[in-house]
Amino acid sequence: MSEYIIRPARTADITGIHRLLEPLVDRRILLGKDLAVLYGAVQEFVVAEVDGELIGCGALHVMWEDLGEVRTLLVREDHLHHGVGRALVEGLEVRAAQLGLTRLFCLTFETAFFIRRGFEPIGEHIVDADVYSQLLRSGDAGVEEFLDLAHVKPNTLGNTRMIKHLN
């Protein structure tokens, strides 16, 4: 396998990210995202690239003062098990620390992968009541998944809510 690089995404990467997502959306592993949503979140993404070709991506979405979410983490199937996913998560963790975040959330089927990265399953309430009420107003689907709201449960069946405390 050729050497890959991890770098911040650019607007020119969005159609490639969308193409990477499509097979996983078709298999109901990840939720689909419209191109307009992806362009609006381009600054949240890092990408993995080999010889100018995208082979993976991940996004960091800030949810609260100390809390972010790892979103849309994926590696193309032919590049799995080569450290690309780990490198993407590490890149997102660096960005999280630079922003002052101390906790990272993810909603995933890939629990073993995230456990190896230091994440652990979470229980019901991990924010205080005031923060909870503020987060309820965000209107963001990822925040609603984090809060474990009843109306998002049909979309999250089988997923595990996990958290990591950054050093």
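Residues numbered from 1 in each chain as written. Predicted model: local features only at pLDDT ≥ 70, side-chain atom pairs only at ≥ 80, totals over all residues. Heavy atoms only, no water.

Topic: the packing of aromatic side chains
1) Next: Throughout the structure, instances matching the rule amount to two aromatic pairs.
2) Next: Plain terms: the ring middles of F113 and F114 are 5.1 Å apart, the flat faces sit at 90° to each other, and that makes the pair edge-to-face. We note that F113, like F114, is buried.
3) Next: An angle of 80° between the planes, with centres 5.1 Å apart, marks the rings of F114 and F119 as edge-to-face.
4) Next: Assessed through its relative accessible area of 5%, F114 is described here as buried.
5) Next: Residue classification places F119 among the buried residues on the basis of a relative accessible area of 2%.
6) Next: Site record: aromatic cluster; members linked through ring pairs are F113, F114 and F119.
7) Next: A cation sits over an aromatic face here: R117 above F113, 4.9 Å from the ring centre. (Phe/Tyr/Trp six-rings, centres within 6.5 Å; stacked < 30°, edge-to-face > 60°. Buried < 20%, exposed > 50% of the residue type's maximum accessible area, 1.4 Å probe, protein only. Lys NZ or Arg CZ within 6 Å of the ring centre and 35° of its normal.)

A few points about helix α1 (residues 14-26)
1) Next: Between its first and last C-alpha atoms α1 spans 18 Å; for 13 residues at 1.5 Å apiece the expected length is 18 Å, and the two agree.
2) Next: Along α1, the helix axis deviates most sharply at L20, where the bend reaches about 25°; the proline P23 sits within four residues downstream.
3) Next: Burial in α1 covers these residues: I14, G16, I17, L20, L21 and L24.
4) Next: Among the structural elements, α2 (35-40), β2 (45-50), β3 (53-64) and β4 (67-75) are those in contact with the buried residues of α1.
5) Next: R28 sits one or two positions beyond α1 and adopts a positive phi of about 60°. (Helix = DSSP H or I, 4+ residues; strand = E, 2+ residues; numbered from the N terminus. Expected span 1.5 Å × (residues − 1). Bend = angle between axes of the 7 residues up to and from the residue. Contact = heavy atoms within 4.5 Å.)

Focus on the sheet that holds strand β6 (residues 120-121)
Backbone hydrogen bonds are what pair the strands of a sheet, in a parallel or an antiparallel way.
1) Next: Ordered in space as β1-β2-β3-β4-β5-β7-β6, the seven strands form an open sheet in which the pairing is mixed. Sheet topology places β1 (5-8) and β6 at the edges, where each strand pairs with a single neighbour.
2) Next: Relative to strand β7 (residues 160-165), β6 runs antiparallel, the two being bridged by two bridges. Residue pairing in the sheet places P121 in a bridge with M162 of β7.
3) Next: Of the strands in this sheet, β2, β3 and β4 are in contact with α1, which crosses β3 at around 90°.
4) Next: Against the sheet, helix α3 (residues 84-99) contacts β1, β2, β3, β4, β5 (103-108) and β7, and its axis sits at roughly 35° relative to β3. (Pairing = 2+ DSSP bridges. Axes fitted to C-alpha atoms, helices over the stretch in contact; angles between N-to-C directions.)

Details of the pairing of β2
1) Next: Burial runs high along β2: six of the six residues are buried.
2) Next: Taking every second residue as pointing to the same face, both faces of β2 are buried, with F45, V47 and E49 on one and V46, A48 and V50 on the other.
3) Next: Sheet topology note: the β1/β2 ladder contains four bridges and is antiparallel. Along β2, the bridge assignment pairs P8 with V46.
4) Next: Of the pairings in the sheet, the one linking β2 to β3 comprises six bridges and is antiparallel in character.

As for the confidence of the model for the protein chain
1) Next: Mean pLDDT over the protein chain stands at 85; residues scoring 70 or higher make up 78%.
2) Next: No element of the protein chain has a lower mean pLDDT than helix α7 (residues 153-156), which averages 48, and none a higher one than β2, which averages 98.
3) Next: Ignoring residues within four places in sequence, the model shows residues 151-156, a span with pLDDT below 50, making six contacts including any to other chains. (pLDDT = per-residue confidence, 0-100.)

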